[in-house]
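For reference, the chains in residue letters:
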Amino acid sequence: MASFLFHLGQYIMLMWRVFSKPEKMSIYRKRLFDEMVSLGLASLGIIMVISLFMGAVITIQTAANIDSAFIPSYTIGFTTRQSTILEFSPTIMALILAGKVGSNIASEIGLMRVTEQIDALEIMGVNSSAFLILPKIIASVIINPFLVIISMFVSIGGGYLIAMFTDIVSVADYVYGIQLDFRPYHVVYALSKAAVFAFIFTSVPAYQGYFAAGGALEVGKASTRGVVQSSIIILIANYFITQLFLI
Amino acid sequence: MIEVVGLNKSFGENHVLKDISAVFETGKTSLIIGASGSGKSTLARCLVGLIAPETGKMLYDGRDFLELNNKEKKALRKEIGFLFQGSALFDFMTVEENVRFPLDILTDLSKKEKQIRVDEVLERVELPTAHKLFPSELSGGMKKRVGIARAISPHPKYLFCDEPNSGLDPQTSIVIDNLIHDITIEYNITTLVISHDMNSVMEIGEYILFIHKGEKWWEGDNKKILQTDNEELLSFVNASGFLSNKKAGS
Ligand SMILES: Nc1ncnc2c1ncn2[C@@H]1O[C@H](COP(=O)(O)OP(=O)(O)O)[C@@H](O)[C@H]1O
Ligand SMILES: [Mg+2]
């Protein structure tokens, strides 16, 4: 418990420094742009592949589980859309990115710590935490909602392919289902989650990397801790955000 | 000139620096030597403000680092260059960007002036064509050169080098030592080199501070060091194998 509070305090202090006024704006602008490209584009492929199969599986599972004469088959389309928008796209993608982006951030910053690159920044009077971490957080919080939107389309598209190439559900029923009772509020909820989760899967691994000490082994451990902790925190945050928005 | 007076630093129970006092003169290459773990890096890190000592004074030509306000500290930072043990080049930047970075941060030079400065220092460390390479594409010796170029690009008055020879072969070590020594004279700066290499000591040690378990144990120059009767210093010199190599060679 004491250790938990210590880390929480240290994390909050780090975030305080990250969001304090930067000394020279010009050096941040390029970093932000670079991070948006590397965090966004580099994750697009994996997001699309996973979302496609995810949507296909949701459609098949739903169909297999409501095989009843009393439930209309457009429910399959409806359920695919709802579970994709509300949970699968924002939450599963965040967990995937916690693994991919999170480990990347923790090891990159951890390596900079153990090779004294962070000290080199500090000697020049650069706020190293802001310089290294702020562009990653901002880039991710901006980009992740877009990735989630893309994931939503691709996932629902995956279900559409199932409707087209199997006889589980007709295309007409599926298309009717995915349009049924659409509430924009649900997308707002999902994209808010995407932004919050992006903050978590960048800042938590960044914290772990920033305070890594020792050598390559410790950086590896810091990276693992960053991924595990951000995944857990994402799922807990998911619960609270859902309660806040939907009840 | 850097004057250190009564510096003390502990990490928890571990009293690492014990009442260190020394004077490092302008235009001279001063060496801080001692066994691994004796506190050499800690001393350098205190001097440049990376860690705060508990007590003591660190006077940069009369200005006590620990008493300066933020603005004065910023001005002093401009005058300090640091070469780290592993070079610590920013690995997401090219050589050129690395060398320009302190200029971006610390100076108000124009783009063109910065470019002239970058070319000048890369020329000085004999890497006139490495501009576009990334640190991962450089050899150990080249990294040290770029590290030196980055440290001297804002034209500092004080230069710190933490184990500039670590990881280098003996020939390259001598070249890097001499480069640091020559730059010190050319730019007339105060240079502190941390080392445990007796070859460096004999080659460039105009002033030598020997630290043993966090205490100042001996000071002098490279002429006096071989005549010392200080037991710990002798065992340090002998452990380096320097004397036996000399005997075998002669
Ligand atoms: N940041 C730190 N936290 C705790 N102990 C440290 C830290 N830095 C150095 N030490 C300790 O201080 C002592 C001296 O270390 P250092 O100055 O790196 O030695 P040297 O550079 O002479 O090899 C060692 O015992 C080391 O464990
Ligand atoms: Mg050291």
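From a predicted model like this one, the values you see are computed outputs, not experimental measurements. (Residues numbered from 1 in each chain as written. Chains lettered and ligands numbered in written order. Predicted model: local features only at pLDDT ≥ 70, side-chain atom pairs only at ≥ 80, totals over all residues. Heavy atoms only, no water.)

Student: Which parts of the structure should I look at to understand the interface of chain B and chain A?
Tutor: Across the boundary between the two partners, chain B contributes 23 residues, which contact 19 residues of chain A. Between chain B and chain A, the buried area comes to about 1700 Å², and carbon and sulfur atoms account for 66% of it. On the chain B side of the contact with chain A, B:Phe90, B:Phe92 and B:Ile105 bury the most area, a combined 29% of that side's loss. There are two salt bridges connecting chain B and chain A. (Contact = heavy atoms within 4.5 Å. Buried area = accessible area lost by both parts, 1.4 Å probe. Salt bridge = Lys/Arg side-chain N within 4 Å of Asp/Glu carboxyl O.)

Student: Even after reading the chapter, I still don't get the nonpolar core, so can you show me in this structure?
Tutor: Nonpolar side chains in soluble globular proteins tend to be buried together. Residue and element names in this part refer to chain B. Counting 83 residues, the largest nonpolar core has Tyr60 and Phe160 as the members making the most contacts within it. Both domains that meet at this core, namely domain 1 (2-79 + 159-249) and domain 2 (89-156), each give it at least three residues. Look past the residues within four positions of Tyr60 in its chain and what remains in contact with it is Met1, Ile2, Leu47, Val48, Phe65, Leu76, Ile80, Tyr158 and Phe160. In terms of nonpolar packing, the next biggest core, distinct from the first, is built from 38 residues, Ile33, Val118, Ala149 and Ile204 among them. (Core = buried A, V, L, I, M, F, W, Y, C linked by side-chain atoms within 4.5 Å. Buried < 20%, exposed > 50% of the residue type's maximum accessible area, 1.4 Å probe, protein only. Domains from an automatic or database assignment.)

Student: What exactly am I supposed to notice about unusual backbone geometry here?
Tutor: Most of the time, phi is negative for any residue but glycine, and the peptide bond is trans. Notably, A:Asp181 is not glycine yet its phi reads approximately 50 degrees, a positive angle. In this fold, A:Asp181 is placed in the loop between α6 (171-179) and α7 (184-210). Positive phi values are uncommon outside glycine, yet B:Glu126 reaches one of about 60 degrees. Considering the arrangement of structural elements, one finds B:Glu126 in the loop between α4 (111-124) and α5 (140-152). For B:Glu126, a relative accessible area of 52% puts it in the exposed group. (Helix = DSSP H or I, 4+ residues; strand = E, 2+ residues; numbered from the N terminus.)

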